[in-house]
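What the coordinates show
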Amino acid sequence: MLRNDWTRAEIQALYQQPLMDLLFDAQAVHRQNFAKNTVQVSTLLSIKTGKCPEDCKYCSQSAHYDADLEAEKRIAVEKVIAEAQQAKASGSTRFCMGAAWRNPHERDMPYVLEMVKEVKALGMETCMTLGMLNASQAERLKDAGLDYYNHNLDTSREYYANVISTRTFDDRLDTLQNVRDAGLKVCSGGIVGLGETSQDRIGLLHELATLPIHPESVPINMLVPIKGTPMADTEKLDVIEWIRTIAVARIIMPKSYIRLSAGRESMSDSDQALAFMAGANSIFSGDKLLTTPNAGQGRDEQLFAKLGLQAEKIKASVRETAVDAMAV
């Protein structure tokens, strides 16, 4: 049953179970709500890179830090469409576009709206992450055909100030509310390995699971330390803690896609197998996630074959919407 009244004590009890019991319970919940051995595949593209005014301490795109990153202006819509076509041919069903903005300016809106319409016409699910959105921007993105909007909470409310100071935790929740009010699906998760405690991971999960509607997609990232950022030397989190976070997310948000995102490229096949056992059923494929490396398509194909997994197909409703868009 879907619940939005989880207590932190309940979530902590789940998190602290013996690992085998936790994985068993998570996989059982997964099979009650999703097709077994099936993984949704997404592709993420940076449409504007670097010089972001935010000070997220893990991010190479922040203008506050001296990371080895070459900033890029907005890329042409035609290039985005070509990348989306290639992603679709490689098996991705969702195409996500991200820009290093605090929030999109009005001058940016025609650009992103055209992009959404063109990618939607390919028959793919569309997702964007552009920073904070106001109500009008969210509504226009919905009207253009956007399916998902990504805006991660990153960590617990209590630990948040250790990660970013240029926007508040409630700013993030306000954007999620604007997205939800516009009728868009929500993609929101967080990052583990930021130096937080297990109580902070529990707090993040509690925030997500007690939203009025669970996010339809929940990315669980592992920190990728980047030279030049304040978190470059953060001690690496034990992979088992990442697995526990995924498993609890699956149990308390049973109908959400739980996505393996940043950090996956450094994990062994066995680590990823445990993550799928824990109920993860979505990945980002391709060689790069915005600016950090990612497991490439070839490695993912080998992993899927080894584990007996298959990629989720494009939903009929998405294909029908694409046909309608091309007819207009």
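Throughout what follows, the structure given in this document is the object of discussion. (Residues numbered from 1 in each chain as written. Predicted model: local features only at pLDDT ≥ 70, side-chain atom pairs only at ≥ 80, totals over all residues. Heavy atoms only, no water.)

**Quick notes on the overall build of the chain**
Within the chain, the regular secondary structure consists of 11 helices and 12 strands. In terms of C-alpha radius of gyration, the chain reaches 19 Å, essentially the compact-globule figure of 20 Å for 328 residues. Along the longest, intermediate and shortest principal axes, the C-alpha atoms of the chain span 55 × 45 × 40 Å. Considering the chain as a whole, with its 328 residues, one finds that 58% of them fall into the buried category. When contacts within the chain are restricted to residue pairs at least 6 apart in sequence, those whose partners lie at least 24 apart make up 76%. Carbon and sulfur atoms form 52% of the exposed surface of the chain, whose accessible area is close to 14,000 Å². Once the 37 positive and 43 negative side-chain charges of the chain are each reduced to a mean point, those two points are 3 Å apart. (Helix = DSSP H or I, 4+ residues; strand = E, 2+ residues; numbered from the N terminus. Rg over C-alpha atoms; globule rule 2.2 N^0.38 Å. Buried < 20%, exposed > 50% of the residue type's maximum accessible area, 1.4 Å probe, protein only. Contact = heavy atoms within 4.5 Å. Areas by Shrake-Rupley, 256 points an atom, 1.4 Å probe, with all protein chains shown as cover. Lys, Arg positive; Asp, Glu negative; His and termini not counted. Charge placed at Lys NZ, Arg CZ, Asp CG, Glu CD.)

**Regarding helix H5 (residues 135–144)**
Within H5, the full set of buried residues consists of Gln-137, Ala-138, Leu-141 and Ala-144. Buried residues along H5 cover an arc of 125 degrees about the axis, so they all sit on one side. For H5, the capping residue at the N-terminal end is Asn-134, with a side-chain oxygen 3.2 Å from the backbone nitrogen of Ser-136. Phi turns positive one or two residues past the end of H5, at Gly-145, with a value near 110 degrees. (Arc of directions from axis to C-beta. Polar contact = N/O pair within 3.5 Å; in protein donor to acceptor, adjacent residues only side chain to side chain.)

**Description of the nonpolar core**
Formed by 90 residues in total, the largest nonpolar core has its most connected members in Ile-47, Met-128, Leu-141 and Trp-242. Looking at this core, the element that brings in the most residues is helix H8 (residues 239–252), giving nine residues. Those residues in contact with Met-128 that sit more than four places away from it in its chain are Met-97, Val-112, Met-115, Val-116, Leu-141, Leu-146, Tyr-148, Tyr-149 and Asn-150. Counting residues in each nonpolar core, the second largest holds eight residues, with Phe-34, Tyr-148, Cys-187 and Phe-284 among its members. (Core = buried A, V, L, I, M, F, W, Y, C linked by side-chain atoms within 4.5 Å.)

**Remarks on unusual backbone geometry**
Most of the time, phi is negative for any residue but glycine, and the peptide bond is trans. Its identity as a non-glycine residue notwithstanding, Asn-37 has a phi of 60 degrees, on the positive side. For Asn-37, the location among the structural elements is in the loop between helix H2 (19–33) and strand E1 (38–48). You will see that Asp-154, though not glycine, has its phi angle at about 75 degrees, which is positive.

**Let's talk about the pairing of strand E8 (residues 257–260)**
Working note: regular strand, side chains alternate between the two faces of the sheet. Neither face of E8 is exposed, since Tyr-257 and Arg-259 on one face and Ile-258 and Leu-260 on the opposite face are all buried. Where strand E7 (residues 217–222) lies against E8, four bridges are found, and the strand directions are parallel. Its bridge partner lying in E8, Ser-217 is registered against Tyr-257. Handedness of the β-α-β unit built from E7, H8 and E8 comes out right-handed. (Pairing = 2+ DSSP bridges. Right-handed = clockwise from strand over helix to strand, strands pointing away.)

**Topic: the packing of helix H3 (residues 77–89) against helix H4 (residues 109–120)**
Two numbers describe how H3 lies on H4: the axes approach to 10 Å, and their chain directions differ by 30 degrees. Relative to H4, the element H3 is oriented roughly parallel. Taken as a pair, H3 and H4 cross one another with a handedness that is right-handed. Here Val-77, Val-80, Ile-81 and Ala-84 of H3 come into contact with H4, specifically with Tyr-111, Glu-114, Met-115, Glu-118 and Val-119. Per-class residue counts for the contact of H3 with H4 are seven nonpolar, no polar and two charged. (Axes fitted to C-alpha atoms, helices over the stretch in contact; angles between N-to-C directions. Parallel < 35°, antiparallel > 145°, perpendicular 65-115°, else oblique. Left-handed = near helix turned anticlockwise from the far one by under 90°. Nonpolar A, V, L, I, M, F, W, Y, C, P; charged D, E, K, R; others polar.)

**Here we look at the packing of helix H1 (residues 8–15) against H8**
Relative to each other, H1 and H8 sit at 130 degrees, their axes nearing to 9 Å. Taken together, H1 and H8 sit at an angle that is classed as oblique. The chirality of how H1 crosses H8 is right-handed. Along the contact surface, H1 presents Ile-11, Leu-14 and Tyr-15, while H8 presents Glu-241, Arg-244, Thr-245, Val-248, Ile-251 and Ile-252. In the contact of H1 with H8, the residues fall into six nonpolar, one polar and two charged.

**What about the environment of Gly-183?**
With respect to the helices and strands, Gly-183 occurs in the loop between helix H6 (169–181) and strand E5 (185–187). Separated by 37 residues in the primary sequence, Gly-183 and Leu-146 place their C-alpha atoms 9.8 Å from one another.

**Side note on the side chain of Gln-17**
Mapped onto the secondary structure, Gln-17 falls in the loop between H1 and H2. You can call Gln-17 buried: its relative accessible area is 18%. Dropping the residues within four chain positions of it, Gln-17 is found in contact with Leu-22, Asp-25 and Arg-244.

**Considering the packing of aromatic side chains**
A complete count under the given rule lists three aromatic pairs for this structure. When the ring of Tyr-160 is compared with that of Phe-169, the centres are 5.5 Å apart and the planes differ by 85 degrees; the resulting orientation is edge-to-face. Phe-169 carries the same exposure label as Tyr-160, and that label is buried. Considering the side-chain rings of Phe-276 and Phe-304, the 6.5 Å spacing of their centres and the 85 degrees angle between planes classify their relative orientation as edge-to-face. Of this pair, Phe-276 sits in helix H9 (residues 269–277) while Phe-304 is found in helix H10 (residues 297–307), placing the two residues 28 residues apart along the sequence. The exposure classification of Phe-276 matches that of Phe-304, with both residues buried. The ring of Tyr-257 carries Arg-94 above its face, with NZ or CZ at 5.7 Å from the centroid. (Phe/Tyr/Trp six-rings, centres within 6.5 Å; stacked < 30°, edge-to-face > 60°. Lys NZ or Arg CZ within 6 Å of the ring centre and 35° of its normal.)

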